[in-house]
Amino acid sequence: MTYQRIIKGLIAIGIFIMIIMPGYIFELLIEFFHLFLELFIEFLDICFEWIESTLDHLVEHLFETDLHDTQIIVFYILMTVLAIVLYRLYLFLPKVVKRIYQNILVYFTRQKIRLLIFWEEQSLLGKIKYISLSVGVLYIWLVLSV
């Protein structure tokens, strides 16, 4: 029971802090995302350097070349791999984009139909209330944003 009270208390404190200081919470989340992105990019850079170093040693020992020739061979190997990956993306990406576009179109069509059905079910007084509320919120937003 005490652990549940502690957890509930921490959740209540977290909600209170989110209500009181939303700007700091938002900034903290952005900083965490930025830190994660930097660490991920650094990890990718280290992986690339490891692959390049491994290829350098492999080419140097297999073909017994000097430093400049090794670097040229490794460069063209990496460019060939990059070209193959980009070609695969060129073949794969249009299908994915088309599927995402179709899903978005279906979603918005469903939402439009649901909204129209909801609107048709409203009485005249309900429609007037929704229109008045929308105009009022828009007016307050315009007045306070200036």
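Worth saying up front: this structure is predicted, and the values here are computed from it rather than measured. (Residues numbered from 1 in each chain as written. Predicted model: local features only at pLDDT ≥ 70, side-chain atom pairs only at ≥ 80, totals over all residues. Heavy atoms only, no water.)

Student: Tell me about the packing of aromatic side chains, and please be specific about residues and values.
Tutor: For any pair of aromatic rings, geometry is given as the distance between the ring centres together with the angle between the planes. Tallied over the entire structure, the rule returns 4 aromatic pairs. Look at F75 and Y76: their rings are 5.3 Å apart centre to centre, the planes differ by 70 degrees, and that puts the pair in the edge-to-face class. The class for F75 is partly exposed, based on a relative accessible area of 43%. The exposure class of Y76 is exposed, given its relative accessible area of 52%. When the ring of Y107 is compared with that of F108, the centres are 5.4 Å apart and the planes differ by 70 degrees; the resulting orientation is edge-to-face. Overall, Y107 belongs to the partly exposed group, its relative accessible area being 46%. According to the relative accessible area criterion, F108 is exposed, its value standing at 52%. (Phe/Tyr/Trp six-rings, centres within 6.5 Å; stacked < 30°, edge-to-face > 60°. Buried < 20%, exposed > 50% of the residue type's maximum accessible area, 1.4 Å probe, protein only.)

Student: Run through unusual backbone geometry, naming residues and quoting values.
Tutor: Residue E64 is not a glycine yet carries a positive backbone phi of 50 degrees. Following the sequence through the fold, E64 ends up in the loop between helix 2 (22-63) and helix 3 (67-121). Its relative accessible area of 70% is what places E64 among the exposed residues. (Helix = DSSP H or I, 4+ residues; strand = E, 2+ residues; numbered from the N terminus.)

Student: Provide a residue-level description of a negative patch on the surface, including the pertinent values.
Tutor: Taken together, the side chains of E27, E31, E38, E42, D45 and E49 define an acidic patch exposed on the protein surface. Residue placement: E38 occurs in helix 2. (Patch = residues over 30% accessible without salt bridge, like charges linked within 9 Å, V, L, I, M, F, W, Y side chains within 5 Å. Areas by Shrake-Rupley, 256 points an atom, 1.4 Å probe, with all protein chains shown as cover. Salt bridge = Lys/Arg side-chain N within 4 Å of Asp/Glu carboxyl O. Lys, Arg positive; Asp, Glu negative; His and termini not counted. Charge placed at Lys NZ, Arg CZ, Asp CG, Glu CD.)

Student: So what about the environment of M79? Which residues, and what values?
Tutor: As for its placement among the helices and strands, M79 is situated in helix 3. Overall, M79 belongs to the partly exposed group, its relative accessible area being 37%. Taking the C-alpha atoms as reference points, M79 and E31, separated by 48 residues in sequence, lie 34 Å from one another.

Student: Give a description of the environment of D45 that names residues and reports values.
Tutor: The residue D45 is located in helix 2 in this model. Overall, the relative accessible area of 37% leaves D45 in the partly exposed class. Once the C-alpha coordinates of D45 and Y24 are considered, the two residues, 21 residues apart in sequence, prove to be 31 Å apart.

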